[in-house]
Amino acid sequence: MKLRSNCLSRLLPEILVVVFAHATWVNANDATQIFERRVLPLVKSERASSCRECHLAGIDLRQYVLEDSAKTFAALAVAGLVDAEKPAKSKLLTFISRRPEKEDPLLAKVRSEELAAFQSWIEAAAKNPPAPLPTAAQSTIGSPTPLEVIRHTRIDRVLKSFVEKIWVDIERCENCHSPARNSRLIEKHGEQISWISPNDPAGTLAKSAQQGIIDVEKPEESLILLKPLGVVEHGGHRKFALGSDPDKRFRSFLADYASAVRGGYREAKDLPVESTEVRYATGQQLRITGLNSDWRDRLMRVDIYCWENGKWSSKRIATGDGYVNGPQKLWQNMILGIDDRSQSGKSAESKRLLPSGKYRVRMFLDRDKRLDRDRDYELGDEEFVGSVEFSGDWKPGYQPPKIVEFKEENATQ
Ligand code: HEC
Ligand code: HEC
């Protein structure tokens, strides 16, 4: 009896080792099996990972997977993306669980498969985390894209830019391109004329991209730009001019969007510089009468300043541009408000009126048609032709617009 118990106590450590080794083997094997059966197929498939719904480029779930379970887990642990103590709190799972308000049904399915697979695998692997590898043997894992580029190509940022640069002018297109208003045109031209999704910039951007009026290969040839410029035949005629403010804004959005979608940005220095101004729609129209007759058919930009705290604002608070109508010697256009980006917490998405008050309108005329030769040229002091001031109420719409008369004595030469 004594002997046997002695014998058992001598053997006990060995038995325990065997039992533990067996448990370890089962766990490691579990993780490996889950990894091979459920994780690898996800990243080997051709389809886009769910990350694509928000990250237009530079991020893919494949970047978070190496060839085997142990290596992947070790690398993710070093990168702080899995938490062996609290596997459910792993950062990688947070990434996979992010979902937009309106999920694309296909990507929603992809997302739940990804989440289920990674959750089971991380949990299994965390039960027996592989020993940390020596620094020299560590593999890097995760997206190689710099954070600035990840931020810039995120859909919420891209959408904000779409709103500031294109959606602010949507009023100029709505009558014919919003399904809320164009039933007659649909009959004549077909469904694709309704590229606007009413009150829904995200839907409008998605629709425009889908139906190909945004061309990511040749952004400058996108129909959403060429049609309103009138450089190709357009049922709605010319809505704005080459070199005008909307032409510059539309092109700037399209080029940026195309680079983002095509993964054209590698480093922070490739990113475009953000304007300090944010435009917003006001729905207000301005008509200036009594213009000089030789200004006809020239593009004129007006910058509007307001009287505040006993002086004129140092920065323009609104702008508009368009051609001078020769026979009637007038200029009339939609006015967009301008916020200072650093000070504005306001969204450009909704319309806001310029308040009634006292305004000075400074006028810049492209007399020499410089914009025809260089669309990116900005009219400045050389093109300044005069100013008008007005005050009082300024109602939205063009029936009537705000009408002010220009007096020759306020012209500069
Ligand atoms: C619903 C939209 C959405 C989806 C889908 C999404 N992300 Fe993100 N992602 C964001 C947002 C928003 C941020 C910025 C979060 C912040 O700044 O706190 C971000 C930030 C990131 C960052 C930047 C680094 C960091 O620590 O913030 C990485 C890397 C990232 N996501 C990876 C992924 C991966 C991988 C996927 C797919 C598995 C994914 N994301 C899916 C919205 C999303
Ligand atoms: C007065 C009506 C009208 C207005 C306003 C108008 N359009 Fe159009 N647009 C049309 C008609 C009609 C067509 C169909 C015939 C054609 O392709 O030119 C069209 C076609 C288009 C197409 C091609 C759609 C497709 O997929 O076939 C685009 C893009 C477009 N317009 C952009 C604009 C933009 C941008 C604006 C505003 C800045 C605008 N349009 C304002 C009438 C208008």
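On a predicted model such as this, the values are computed, not experimentally measured, just so you know.

The rules behind the values
Residues numbered from 1 in each chain as written. Chains lettered and ligands numbered in written order. Predicted model: local features only at pLDDT ≥ 70, side-chain atom pairs only at ≥ 80, totals over all residues. Heavy atoms only, no water. Donors = N, O, S within 2.8 Å, 3.2 Å for Na, K, Ca; no water. Helix = DSSP H or I, 4+ residues; strand = E, 2+ residues; numbered from the N terminus. Core = buried A, V, L, I, M, F, W, Y, C linked by side-chain atoms within 4.5 Å. Buried < 20%, exposed > 50% of the residue type's maximum accessible area, 1.4 Å probe, protein only. Contact = heavy atoms within 4.5 Å. Expected span 1.5 Å × (residues − 1). Pairing = 2+ DSSP bridges.

*Asks:* Could you give an account of the coordination of the iron atom of ligand 1, naming the residues involved and the relevant values?
*Replies:* Here the protein supplies the iron atom of ligand 1 with just one donor, H55 (NE2), and that contact is 2.1 Å long. Mapped onto the elements, H55 comes out in the loop between α1 (2–44) and α2 (69–78).

*Asks:* Describe the nonpolar core, listing the residues and the values that go with them.
*Replies:* Taken as a class, soluble globular proteins show a tendency for nonpolar side chains to be buried jointly. With 31 residues, the main nonpolar core has V39, V65, F73, L76, L92, F118 and W121 as its most contacted residues. Sorting the residues of this core by element identifies α1, α2, α3 (91–97) and α4 (105–126) as the ones contributing at least two each. If one sorts the elements of this core by residue count, α4 sits on top with 8 residues. Leave out the neighbours within four places in its chain, and V65 touches F35, V39, L40, V43, T72, F118 and I141. One finds W195, I196, I213 and L254 within the second-largest nonpolar core, a separate group that totals 27 residues.

*Asks:* Tell me what's going on with helix α11 (residues 245–261), and back it up with residues and numbers.
*Replies:* Relative to the 24 Å expected for 17 residues at 1.5 Å per residue, α11 spans 24 Å between its end C-alpha atoms, a close match to the ideal helical length. G263 sits one or two residues past α11 and shows a positive phi near 70°.

*Asks:* With reference to specific residues and values, describe the pairing of strand β2 (residues 299–308).
*Replies:* Counting buried positions along β2 yields 8 of 10 residues, so the element is predominantly enclosed. Relative to strand β4 (residues 318–323), β2 runs antiparallel, the two being bridged by 6 bridges. The residue bridging M300 from the neighbouring strand is G322, located in β4. Sheet topology note: the β2/strand β6 (residues 357–365) ladder contains 7 bridges and is antiparallel. Opposite D303, over in β6, you have R362 as the bridge partner.

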